[in-house]
Amino acid sequence: MKLGADKESYFEQLSQKLEQSYCINFDDTGYSEAEWLQRFGDLAVDEAIAEYAQKYDLTAKSELLTSSFNYKKTL
C-alpha cells in the first residue's frame, strides 16, 4: 500500500507490519509522520519498512527465532 488519500490507514498498516516484523511500532521509529513521508512516502509500505530496517540494521523477528532455534539444536 502506498500513501493515498487515507493517511491514517497507511500509518496503521505501517505500524502493524513493523510490529509483526521487528517488534516495534511507528512511534518507536523516532520519526514524525511528516519526516517518515518525506523519507519513505513514495514507497509501498513493505519497501519503506525494508529501507528503514536496512538503514538502522534491524534484525527481523523471524531471523531471531530461527537463530535461537538453531542455537538450541547445537547444544
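Since the model is a prediction, treat every value here as computed from it, not as a measurement. (Residues numbered from 1 in each chain as written. Predicted model: local features only at pLDDT ≥ 70, side-chain atom pairs only at ≥ 80, totals over all residues. Heavy atoms only, no water.)

Draft legend 1. Focus on unusual backbone geometry. Positive phi outside glycine occurs at Cys23, with the angle close to 60 degrees. Inspection of the secondary structure assignment puts Cys23 in the loop between α1 (7-22) and α2 (33-40). A positive phi is found at Asp57, a non-glycine position, where the angle reads about 50 degrees. Looking at the element boundaries, Asp57 is found in the loop between α3 (45-55) and α4 (61-74). For Asp57, a relative accessible area of 67% corresponds to the exposed category. (Helix = DSSP H or I, 4+ residues; strand = E, 2+ residues; numbered from the N terminus. Buried < 20%, exposed > 50% of the residue type's maximum accessible area, 1.4 Å probe, protein only.)

Draft legend 2. Highlighting the packing of α2 against α3. The N-to-C vectors of α2 and α3 enclose an angle of 95 degrees; their axes lie 11 Å apart at closest approach. Taken as axis vectors, α2 and α3 run roughly perpendicular relative to one another. Here Trp36, Arg39 and Phe40 of α2 come into contact with α3, specifically with Ala48, Glu51, Tyr52 and Lys55. For the contact of α2 with α3, the class distribution of residues is 4 nonpolar, no polar and 3 charged. (Axes fitted to C-alpha atoms, helices over the stretch in contact; angles between N-to-C directions. Parallel < 35°, antiparallel > 145°, perpendicular 65-115°, else oblique. Contact = heavy atoms within 4.5 Å. Nonpolar A, V, L, I, M, F, W, Y, C, P; charged D, E, K, R; others polar.)

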